[in-house]
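Overview (structure and organization)
These are the residues of each chain, in order.
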Amino acid sequence: MEKLESLLKEFGYRVRYEKGNFKTGACVLQSNKVVVVNRFSNLEMKIGALVSILRDMSLDEGSLNDKQRQFLRSIKQTKLAI
């Protein structure tokens with residue numbers, strides 16, 4: 001989970017854990033990139049949501065180091081089954 005959060009932060013997203021009756025998602029609020037994760041979701045759902053967000057984004061890998069780039073590519077190539 002920390003690796004996923006770190007990767008999102010590298011792309012300028014702030015990860016927030018909030019309570020409420022909503023699905024986890026990414027958005028831009030007043031020019032701030034934010035990923036909001038439902039605090040009450042279990043760990044598996046949180047990880048799945050963050051992976052799904054990263055898979056769906058078109059991101060510039062130029063600012064990543066080799067380990068981060070390899071991790072992102074493995075995320076994009078892996079199909080989740082939850």
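What counts as what
Residues numbered from 1 in each chain as written. Predicted model: local features only at pLDDT ≥ 70, side-chain atom pairs only at ≥ 80, totals over all residues. Heavy atoms only, no water. Core = buried A, V, L, I, M, F, W, Y, C linked by side-chain atoms within 4.5 Å. Buried < 20%, exposed > 50% of the residue type's maximum accessible area, 1.4 Å probe, protein only. Helix = DSSP H or I, 4+ residues; strand = E, 2+ residues; numbered from the N terminus. Contact = heavy atoms within 4.5 Å. Salt bridge = Lys/Arg side-chain N within 4 Å of Asp/Glu carboxyl O. Expected span 1.5 Å × (residues − 1). Polar contact = N/O pair within 3.5 Å; in protein donor to acceptor, adjacent residues only side chain to side chain. Axes fitted to C-alpha atoms, helices over the stretch in contact; angles between N-to-C directions. Parallel < 35°, antiparallel > 145°, perpendicular 65-115°, else oblique. Nonpolar A, V, L, I, M, F, W, Y, C, P; charged D, E, K, R; others polar.

Moving on, we come to the nonpolar core. Grouped together as the largest cluster of nonpolar side chains are 16 residues, with contacts concentrated most on L7, L8, V35 and L54. Taken together, the elements giving at least two residues each to this core come down to helix 1 (2-10), strand 1 (13-18), strand 3 (32-38), helix 2 (43-56) and helix 3 (66-77). Look past the residues within four positions of L8 in its chain and what remains in contact with it is Y13, V15, V35, L50, I53, L54 and M57.

Our focus in this paragraph is the pattern of salt bridges. If you walk through the whole model with that rule in mind, you get 3 salt bridges. E18 is the salt-bridge partner of R16, the closest N and O atoms lying 3.1 Å from each other. Across the pair R73 and E61 runs a salt bridge whose closest N-O atoms are separated by 3.1 Å. You can see R73 sitting in helix 3 and its partner E61 sitting in the loop between helix 2 and helix 3, a full 12 residues away along the chain. R73 sits in the partly exposed class, given a relative accessible area of 46%.

Attention now moves to helix 3. End to end, helix 3 covers 16 Å across 12 residues, agreeing with the expected 16 Å (1.5 Å per residue, within 8%). At its buried positions, helix 3 is contacted by helix 1 and helix 2. Two or three places before K67, at the start of helix 3, stands the capping residue N65, its side-chain oxygen 3.1 Å from that residue's backbone nitrogen.

Moving on to the side chain of N38. Assignment of secondary structure puts N38 in strand 3. Owing to a relative accessible area of 8%, N38 belongs among the buried residues under this scheme. Engagement of the side chain of N38 in a polar contact is seen with the backbone nitrogen of F40, the distance being 2.9 Å. Non-local contacts of N38, meaning those with residues more than four positions away in its chain, are made with E18, G20, F22, T24 and K46.

The next point concerns the environment of V35. Here V35 is to be found in strand 3. For V35, a relative accessible area of 0% corresponds to the buried category.

Packing of helix 2 against helix 3 leaves a shortest axis separation of 9 Å and a crossing angle of 95 degrees. Considering their axes alone, helix 2 and helix 3 lie roughly perpendicular with respect to each other. Facing V51, L54 and R55 of helix 2, the residues of helix 3 in contact are L72, I75 and K76. The residue makeup of the contact of helix 2 with helix 3, split by class, is 4 nonpolar, no polar and 2 charged.

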